[in-house]
Amino acid sequence: MGNKGNSRTGRALGGVRELIAEALAEHTPGGVRPGELHRDGRALRWVESGSGDGPPIVLVAGCGDSSLSWAPLLPELAGLGRIVAYDRAGLGASAPARAPRPTLDTQVEDLAVLVRHLDAGPAVLVGHSWGGQLAQLLARQRPELVAGLVLVDPAHEEFRPRAIALAEAVLLRLSLLRTALAPAAPVPGDALAGAEAAAVARPYQRRAVLAEHRLSALAVPALRRRRAAAPLPEVPVSVLSATEGLPRALRARFTAAQARIAAGVAGAVHTVVPGAGHYIHADRPHVVAAAVREVSAPTRIARNAGH
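Caption draft 1: Here's a closer look at the overall build of the protein chain. The helix and strand inventory of the protein chain stands at twelve helices and eight strands. The buried share of the protein chain, taken over its 307 residues, is 51%. Across the protein chain, the fraction of contacts at a sequence separation of at least 24, relative to all contacts at a separation of at least 6, is 76%. Of the roughly 13800 Å² that the protein chain leaves accessible, carbon and sulfur atoms contribute 57%.

As structure tokens, then:
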């Protein structure tokens, strides 16, 4: 039964991978190429576009999100270099982890393995929300793998109001329950909607989404310790803060926490993006692309490497 189950999961993941690649190809000048590596007996998958001699640009999605969340940004990054958007274990097209729940270490190590596998030197990491936390963790723990950071409304362990966390959990469970009871069929002519439905259609995918949200809440003490134990490396850093989607006082606290990230790195830039919600790369993709362009500029990378 185990082998048959693994076979069925493999076939299902193959279908999801094709749907994701097709959907993102529609949004990416020049199309995308699928990628895959095997770690601990499972497949970690991504799509990539572009090429070049500069550092690869790795997109690290937010909590419970897949590579599909970067669809609005991909056209803006065309021509900038090698762009890689990956799915963490159990999300999108990547196979689920064998362990029942993800940990900070497994998620950071997956990202490290991916960067090493690209075999193009240190990468510029573009992390949204929880992905911004993971990007910072890798930079602190494995600075030789990171050439720069663009943190898109990054999560922060000092800003997780109980009421917001509870509301997130309830809404997420209701959304996943609706998907489980009435799985959405691919929408004719809308490849992105069809891929998004497929990315959360299976029980292991929904479990992975819930487990990642749980991890983001339970990891607060560990995140505090790791932030205190090691500073971010002196690489180009850009932190982008949203302005919409939260009551003004809460948004001000969130933005202040993000500003402290930038304040800890010489030369880092903190930008408040007017009119943008938490998914800044969807609301203001050109602003995120400009930050990526600045951080990944070869002159800045070279100058920093020489210090």
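Next comes the rest of the write-up.
Caption draft 2: Expanded view of the pairing of strand E3 (residues 57-60). Neither face of E3 is open: one carries Ile57 and Leu59, the other Val58 and Val60, and all of them are buried. Note: E3 against strand E4 (residues 83-86), three bridges, orientation parallel. In the sheet register, Leu59 faces E4, and the bridge partner there is Ala85. Judged from the four bridges that link them, E3 and strand E5 (residues 123-128) form a sheet pairing that is parallel. Bridge pairing in E5 places Leu59 opposite Val126.

Caption draft 3: Geometry of the packing of aromatic side chains. Inspection of the entire model under this criterion finds one aromatic pair. Centroid distance Phe159 to Phe254: 4.5 Å. Interplanar angle 10°. Geometry classified as stacked. A residue pair is termed long-range when its members are at least 10 positions apart, and Phe159 in the loop between strand E6 (146-152) and helix H5 (162-181) and Phe254 in helix H9 (residues 248-263) qualify at 95 residues. Residue Phe254 is classed as buried on the basis of its relative accessible area, which comes to 7%.

Caption draft 4: How the structure looks around the pattern of salt bridges. One pass over the full model with this rule turns up 14 salt bridges. Glu36 is the partner of Arg17 in a salt bridge, and the nearest nitrogen-oxygen pair spans 2.6 Å. Of this pair, Arg17 sits in helix H1 (residues 2-26) while Glu36 sits in strand E1 (residues 33-39), and the two are 19 residues apart along the sequence. Across the pair Asp105 and Arg226 runs a salt bridge, and its minimum N-O distance is 3.0 Å. With Asp105 in helix H3 (residues 104-118) and Arg226 in helix H8 (residues 220-229), the pair connects residues that are 121 residues apart, well separated along the chain. By relative accessible area, which is 45% here, Asp105 ends up partly exposed. A relative accessible area of 22% means that Arg226 is categorised as partly exposed. Sharing partners across several salt bridges, the network here consists of Arg39, Asp40, Arg42 and Asp110.

Caption draft 5: Quick look at the sheet that holds E4. With mixed pairing, eight strands are arranged side by side in an open sheet as E1-E2-E4-E3-E5-E6-E7-E8. On the outer flanks of this sheet lie E1 and strand E8 (269-272), each paired with one strand and no other. Here the strands of the sheet are splayed against their neighbours by 20° on average, with no regard to which way each runs. Pairing of E5 with E6 involves six bridges; the strand directions are parallel. Paired with His128 across the two strands is Val152, which belongs to E6. Contacts from H9 reach E6, strand E7 (237-241) and E8 within the one sheet, and its direction differs from that of E7 by about 175°.

Caption draft 6: Spotlight on a negative patch on the surface. Together, Glu18, Glu22, Glu26, Asp190 and Glu196 give the surface a local cluster of negative charge. Mapped onto the fold, Glu26 is located in helix H1.

Caption draft 7: Focus on unusual backbone geometry. We note that Asp119 has phi near 55°; this positive angle belongs to a residue other than glycine. Judged by relative accessible area, which is 70%, Asp119 ranks as exposed. The phi angle at Asp153 is positive, at roughly 45°, despite the residue not being glycine. On the secondary structure map, Asp153 appears in the loop between E6 and H5. With a relative accessible area of 0%, Asp153 lands in the buried category.

The rules we used
- Residues numbered from 1 in each chain as written.
- Predicted model: local features only at pLDDT ≥ 70, side-chain atom pairs only at ≥ 80, totals over all residues.
- Heavy atoms only, no water.
- Helix = DSSP H or I, 4+ residues; strand = E, 2+ residues; numbered from the N terminus.
- Buried < 20%, exposed > 50% of the residue type's maximum accessible area, 1.4 Å probe, protein only.
- Contact = heavy atoms within 4.5 Å.
- Areas by Shrake-Rupley, 256 points an atom, 1.4 Å probe, with all protein chains shown as cover.
- Pairing = 2+ DSSP bridges.
- Phe/Tyr/Trp six-rings, centres within 6.5 Å; stacked < 30°, edge-to-face > 60°.
- Salt bridge = Lys/Arg side-chain N within 4 Å of Asp/Glu carboxyl O.
- Axes fitted to C-alpha atoms, helices over the stretch in contact; angles between N-to-C directions.
- Patch = residues over 30% accessible without salt bridge, like charges linked within 9 Å, V, L, I, M, F, W, Y side chains within 5 Å.
- Lys, Arg positive; Asp, Glu negative; His and termini not counted.
- Charge placed at Lys NZ, Arg CZ, Asp CG, Glu CD.

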